[in-house]
Amino acid sequence: MTLLDLMKNRYSVRAYKPEPVEKAKLEYVLEAARLAPTAANRQPFQFIIFETAGRKKELERIYTRPFFTQAPLVICVCAVRSQAWTRRQDNANYGHVDAAIAMDHLILAAAEQGLGTCWIAAFDPVATQEILGLPDGVEPVALTPLGYPADAPGAKTRKPLSGLVRYGRW
């Protein structure tokens, strides 16, 4: 399968089988995330992997959709702003961008391994910080369940390139 085929076939999984994720597959997707490009190669992110078993009530404080705790694992990517590259001209901190790129690499690698994911941004950041014990300066950027899909992909709709690309100028 080509990378473009993988991207076309990847989908946001919203139902998971309870079977565990093999350690080798977890390490594979984490290695893919580690290899993600980052501004000035700072790698200003951390991944927190946690099991969902027996934590449904607690984890519902982070995100309430039932599929979130169906998967055996959830992964949270956090930006460590103090470690990120910052553009001098406008003080833009690239920690969130770098964390998002790493999560994207992880999600694509998971799909290649037959695992399901669902990018979650609509989570409660305060509950996430409390439950995961995040120190000051460490910000949760995105979460994803990780497990074997128990659903099937629906139709994928995307804007045409003509609606997204401009050449030369706006």
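The structure presented is a predicted model; accordingly, all values stated were derived computationally and were not measured.

Observations concerning the overall build of the chain
Inference 1: Secondary structure summary: the chain contains five helices and three strands in total.
Inference 2: If you list the helices and strands of the chain from N to C, you get α-α-β-α-β-α-α-β.
Inference 3: Projecting the C-alpha coordinates of the chain onto the three principal axes gives extents of approximately 50 × 40 × 30 Å.
Inference 4: Taken across its 170 residues, the chain has 40% of its residues classed as buried.
Inference 5: For the chain, the share of sequence-separated contacts (at least 6 apart) that also reach a separation of at least 24 residues comes to 78%.

A word on the layout of surface pockets
Inference 1: What the largest pocket holds in volume is close to 260 Å³.
Inference 2: Elements that contribute at least two residues to the lining of the largest pocket include exactly α1 (3-9) and α4 (95-112).
Inference 3: When its residues are assigned to classes, the lining of the largest pocket shows nine nonpolar, five polar and two charged.
Inference 4: Here the second largest pocket defines a volume of roughly 150 Å³.

Concerning the sheet that holds strand β1 (residues 45-51)
Inference 1: Across the sheet, which stays open at both edges, the three strands sit in the order β1-β2-β3 with antiparallel pairing between neighbours. The open sheet has two edge strands with one neighbour each: β1 and β3 (138-146). Shown here is a sheet whose adjacent strand axes are inclined to one another by a mean of 20 degrees, direction ignored.
Inference 2: In the sheet, strand β2 (residues 73-80) pairs with β3 via eight bridges, with the strands oriented antiparallel.

Observations concerning the side chain of T69
Inference 1: Tracing the chain through its elements places T69 in the loop between α3 (56-59) and β2.
Inference 2: Other than its neighbours up to four places away in sequence, T69 contacts T52, K56 and L59.

Examining helix α5 (residues 125-132)
Inference 1: Among the residues making up α5, those that are buried are A127, T128, I131 and L132. Angularly, the buried residues of α5 cover 110 degrees about the axis, an arc narrow enough to put them on a single face.
Inference 2: If you follow the buried residues of α5, they end up packed against β1, α3, β2 and β3.
Inference 3: Among the residues of α5, the N-terminal cap falls to D124, whose side-chain oxygen and the backbone nitrogen of V126 are separated by 2.9 Å.

Focus on the nonpolar core
Inference 1: In terms of nonpolar packing, the biggest core is built from 24 residues, with L26, V29, F47, V77, M103, L106 and L146 touching the most fellow members.
Inference 2: Counting residues per element, the ones that place at least two in this core are α2 (23-34), β1, β2, α4 and β3.
Inference 3: Counting residues per element, this core draws most heavily on α4, at seven residues.
Inference 4: Of all hydrophobic cores here, the second largest spans 22 residues; its members include L59, F123, V138 and L143.

A closer look at the packing of aromatic side chains
Inference 1: For the coordinates displayed, the defined rule picks out four aromatic pairs.
Inference 2: Relative to F67, the ring of Y63 lies with its centre 6.0 Å away and its plane at 70 degrees, an arrangement referred to as edge-to-face. Both residues of the pair, Y63 and F67, belong to the buried class.
Inference 3: Feature note: the residues Y63, F67 and F68 constitute an aromatic cluster, connected by ring pairs.
Inference 4: The ring of W170 carries R166 above its face, with NZ or CZ at 3.9 Å from the centroid.

Definitions and limits used
- Starting from 1, residues in each chain are numbered consecutively following that chain's sequence as written.
- Thresholds applied to this predicted model are a pLDDT of at least 70 for local features of residues and 80 or more for the giving and counting of side-chain atom pairs; totals over whole chains, interfaces and linings are not thresholded and use all residues.
- Values reported for side chains reflect all heavy atoms of the structure, with hydrogen atoms and water molecules removed beforehand.
- Here a strand is any run of E in DSSP of at least two residues, a helix any run of H or I of at least four, and the numbering for each starts at the N terminus.
- Accessible area is worked out with a 1.4 Å probe on protein chains only. A residue is then buried under 20% of its type maximum, exposed over 50%, and partly exposed in between.
- Contact between two residues is taken to exist if any of their heavy atoms lie within 4.5 Å; hydrogens are not considered.
- Grid spacing is 1 Å over the protein atoms alone, the probe is 1.4 Å, and a cavity is where that probe fits but cannot get out, while a pocket is an open set with protein on both sides within 12 Å along at least five of seven lines and lining residues have an atom within 4 Å of a point.
- Grid points are joined across faces, edges and corners, and a volume is the space filled by probe spheres set on the points.
- Polar here means any residue other than Ala, Val, Leu, Ile, Met, Phe, Trp, Tyr, Cys and Pro, which are nonpolar, and Asp, Glu, Lys and Arg, which are charged; Gly is therefore polar.
- Only strands joined by at least two bridges in the DSSP assignment are considered to pair.
- To define axes, lines are fitted to C-alpha atoms, for helices over the stretch in contact only, and angles between the resulting N-to-C directions are given on a 0 to 180 degree scale.
- The directions considered for the arc are those from the helix axis to the C-beta atoms.
- Whenever two N or O atoms come within 3.5 Å, that pair is a polar contact, provided that in protein one can donate a hydrogen and the other can accept it, and provided that, for residues adjacent in sequence, both atoms are side-chain atoms.
- To form a nonpolar core, buried Ala, Val, Leu, Ile, Met, Phe, Trp, Tyr and Cys residues must be joined to one another through side-chain atoms within 4.5 Å.
- A pair of aromatic rings is counted whenever rings of Phe, Tyr or Trp (Trp by its six-membered ring) have centres within 6.5 Å, and the orientation is called stacked for planes under 30 degrees apart, edge-to-face for over 60 and tilted otherwise.
- To sit over a ring, a charge needs its Lys NZ or Arg CZ within 6 Å of the ring centre and within 35 degrees of the ring normal.

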